[in-house]
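# Structural features, examined
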Amino acid sequence: RTPAKLRPFPQVSGMRRGTVPTLRELGISKPKQKLNLPDGRVAKGGEEAALSYLRRHAATVLPDQLAPWFSLGCLSLRESYWRVKKAMHKQAATFYDELLWRDFYRYSVSLNSSQ
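Just so it is clear, the structure is predicted and the values come from calculations on it, not from any experiment.

Reading the values: rules and limits
Residues numbered from 1 in each chain as written. Predicted model: local features only at pLDDT ≥ 70, side-chain atom pairs only at ≥ 80, totals over all residues. Heavy atoms only, no water. Helix = DSSP H or I, 4+ residues; strand = E, 2+ residues; numbered from the N terminus. Buried < 20%, exposed > 50% of the residue type's maximum accessible area, 1.4 Å probe, protein only. Contact = heavy atoms within 4.5 Å. pLDDT = per-residue confidence, 0-100. Axes fitted to C-alpha atoms, helices over the stretch in contact; angles between N-to-C directions. Parallel < 35°, antiparallel > 145°, perpendicular 65-115°, else oblique. Left-handed = near helix turned anticlockwise from the far one by under 90°. Nonpolar A, V, L, I, M, F, W, Y, C, P; charged D, E, K, R; others polar. Phe/Tyr/Trp six-rings, centres within 6.5 Å; stacked < 30°, edge-to-face > 60°.

### A few points about the overall build of the protein
Scanning the protein for helices and strands turns up four helices and two strands. When the 115 residues of the protein are sorted by exposure, 23% land in the buried category. Partitioning the intrachain contacts of the protein with sequence separation of at least 6 by distance along the chain shows that 49% fall at a separation of at least 24.

### Topic: the side chain of Ser80
Tracing the chain through its elements places Ser80 in helix α3 (residues 77–88). Given the relative accessible area of 0%, Ser80 is considered buried.

### Details of the confidence of the model for the protein
Predicted confidence across the protein gives a mean pLDDT of 79, with 85% of residues reaching 70 or more. Predicted confidence in the protein is weakest over strand β1 (residues 35–36), with a mean pLDDT of 70, and strongest over helix α1 (residues 47–57), with 87.

### A word on the packing of α1 against α3
Between α1 and α3, the shortest axis-to-axis distance is 10 Å and the interhelical angle comes to 20°. Taken together, the axes of α1 and α3 lie roughly parallel to each other. The crossing of α1 and α3 is right-handed. Between α1 and α3, the contacting residues are Leu51, Leu54 and Arg55 on the first element and Glu79, Ser80, Arg83 and Val84 on the second. For the contact of α1 with α3, a count of residues per class yields three nonpolar, one polar and three charged.

### Quick word on the packing of aromatic side chains
Enumeration according to the criterion identifies four aromatic pairs in this entry. Between Tyr81 and Trp82, the ring centres sit 5.1 Å apart and the planes meet at 70°, which makes this aromatic pair edge-to-face. Assessed through its relative accessible area of 16%, Tyr81 is described here as buried. Each residue in the set Tyr81, Trp82 and Tyr96 is aromatic and connected to the rest through ring pairs, giving one cluster.

The following block contains the structure:
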């Protein structure tokens, strides 16, 4: 159900209209969330870190290795596919198939979820 009215944006003293406040300015401490890679390493979050990882591993990367960034919206599936396709050529079909299965699985789970 859609709310009739949204709560106003929090007022931050000294903030100009049109600027995006930092977490500190909003009184929120930095999140402690970790991005765990399938090989056990902890990844840095954010788009820059995701793109850096993708540049270094584009010829050998699999979607499950990018899953932490996909799940948080830091990395575009479309951009990842085209970067991998450029680096892998024919093997990009496997990457594409795995992306499709990933989304099919997420969709299936969402349909059958009790939440």
